Amino acid sequence: MFEVFSGSYYLGRLYVTPTDGECAVMHRAQHERINQEVYATGDGVERLDAPLVMKLESTHFPVHGDEAVPSNTLAVPESMLEGTRIRNPPSLREVFLARRERARQLLEFAGGWQPGGDDSSHVDDGTAG
């Protein structure tokens, strides 16, 4: 689903669709699998439900798991789609997944957001990668 893009990101393609929710979500099983492959360190018991940090166009945001979301789909709040080039969702789009260290940096930059914190947090840093 995701392949190495750079030292900071993986690149994948997901169907992006709006949601009425307040946070971005993807299929729970895929979320947990990606969490284990990308963010887990292998040291002891680790949470697989911690948010992933993704980037769509120039906005970074946490992504949670949800059984109601179809596989290979990223559901984002409608307000986040307003500033994008997505016009007819669902739309197959390139999505960046921050690697563990990059995710930590972004979360610190966003004011120390931690899992269980404000799920609507996002960072618009205007960079492409």
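Check the entry above for the structure.
Criteria and thresholds
Residues numbered from 1 in each chain as written. Predicted model: local features only at pLDDT ≥ 70, side-chain atom pairs only at ≥ 80, totals over all residues. Heavy atoms only, no water. Phe/Tyr/Trp six-rings, centres within 6.5 Å; stacked < 30°, edge-to-face > 60°. Helix = DSSP H or I, 4+ residues; strand = E, 2+ residues; numbered from the N terminus. Buried < 20%, exposed > 50% of the residue type's maximum accessible area, 1.4 Å probe, protein only. Lys NZ or Arg CZ within 6 Å of the ring centre and 35° of its normal. Core = buried A, V, L, I, M, F, W, Y, C linked by side-chain atoms within 4.5 Å. Contact = heavy atoms within 4.5 Å. Polar contact = N/O pair within 3.5 Å; in protein donor to acceptor, adjacent residues only side chain to side chain. Salt bridge = Lys/Arg side-chain N within 4 Å of Asp/Glu carboxyl O.

### Some details on the packing of aromatic side chains
Part 1: Summed over all chains, the structure comprises two aromatic pairs.
Part 2: Aromatic side chains Phe 5 and Phe 96 sit 4.9 Å apart centroid to centroid with 70 degrees between the ring planes, which places their arrangement in the edge-to-face category. Of this pair, Phe 5 sits in the loop between strand S1 (2–4) and strand S2 (9–19) while Phe 96 sits in strand S7 (residues 91–98), and the two are 91 residues apart along the sequence.
Part 3: With relative accessibility at 42%, the residue Phe 5 sits in the partly exposed group.
Part 4: Centroid distance Tyr 9 to Phe 96: 5.7 Å. Interplanar angle 70 degrees. Geometry classified as edge-to-face. One end of the pair, Tyr 9, is in strand S2; the other, Phe 96, is in strand S7, with 87 residues separating them in the sequence.
Part 5: Taking relative accessible area as the criterion, Tyr 9 reaches 1% and is therefore assigned buried.
Part 6: What links up through ring pairs into an aromatic cluster is the set Phe 5, Tyr 9 and Phe 96.
Part 7: Note that Arg 99 overlies the ring of Tyr 10, its terminal NZ or CZ placed 4.6 Å from the centroid.

### Some remarks on the nonpolar core
Part 1: Membership of the largest hydrophobic core comes to 29 residues, with the highest contact counts inside it found for Tyr 39, Leu 52, Met 54, Phe 61, Val 63, Leu 74 and Leu 97.
Part 2: Considering each element in turn, this core owes the most residues, five residues, to S2.
Part 3: Not counting the four nearest positions on each side in its chain, Leu 52 is found in contact with Met 26, His 31, Ile 34, Asn 35, Tyr 39, Phe 61, Pro 62, Val 63 and Leu 97.

### Overview of the side chain of His 60
Part 1: The topology assignment puts His 60 in strand S5 (residues 59–66).
Part 2: Relative accessible area serves as the criterion here: at 2%, His 60 is assigned to the buried category.
Part 3: Separated by 2.6 Å, the side chains of His 60 and Tyr 9 make a polar contact.

### A word on the pattern of salt bridges
Side-chain pairs of opposite charge can arise where the charged atoms are in close proximity.
Part 1: Applying the stated rule across the entire model yields three salt bridges.
Part 2: Glu 67 is the salt-bridge partner of Arg 28, the closest N and O atoms lying 3.8 Å from each other. Taken together, the residues Arg 28 in helix H1 (residues 28–39) and Glu 67 in the loop between S5 and strand S6 (73–77) connect sequence positions 39 residues apart.
Part 3: According to the relative accessible area criterion, Arg 28 is partly exposed, its value standing at 32%.
Part 4: Glu 37 serves as the salt-bridge partner of Arg 33, at 3.8 Å between the closest nitrogen and oxygen. A residue pair is termed a helical-turn pair when its members lie 3 or 4 positions apart in one helix, as Arg 33 and Glu 37 do in helix H1 at four residues.

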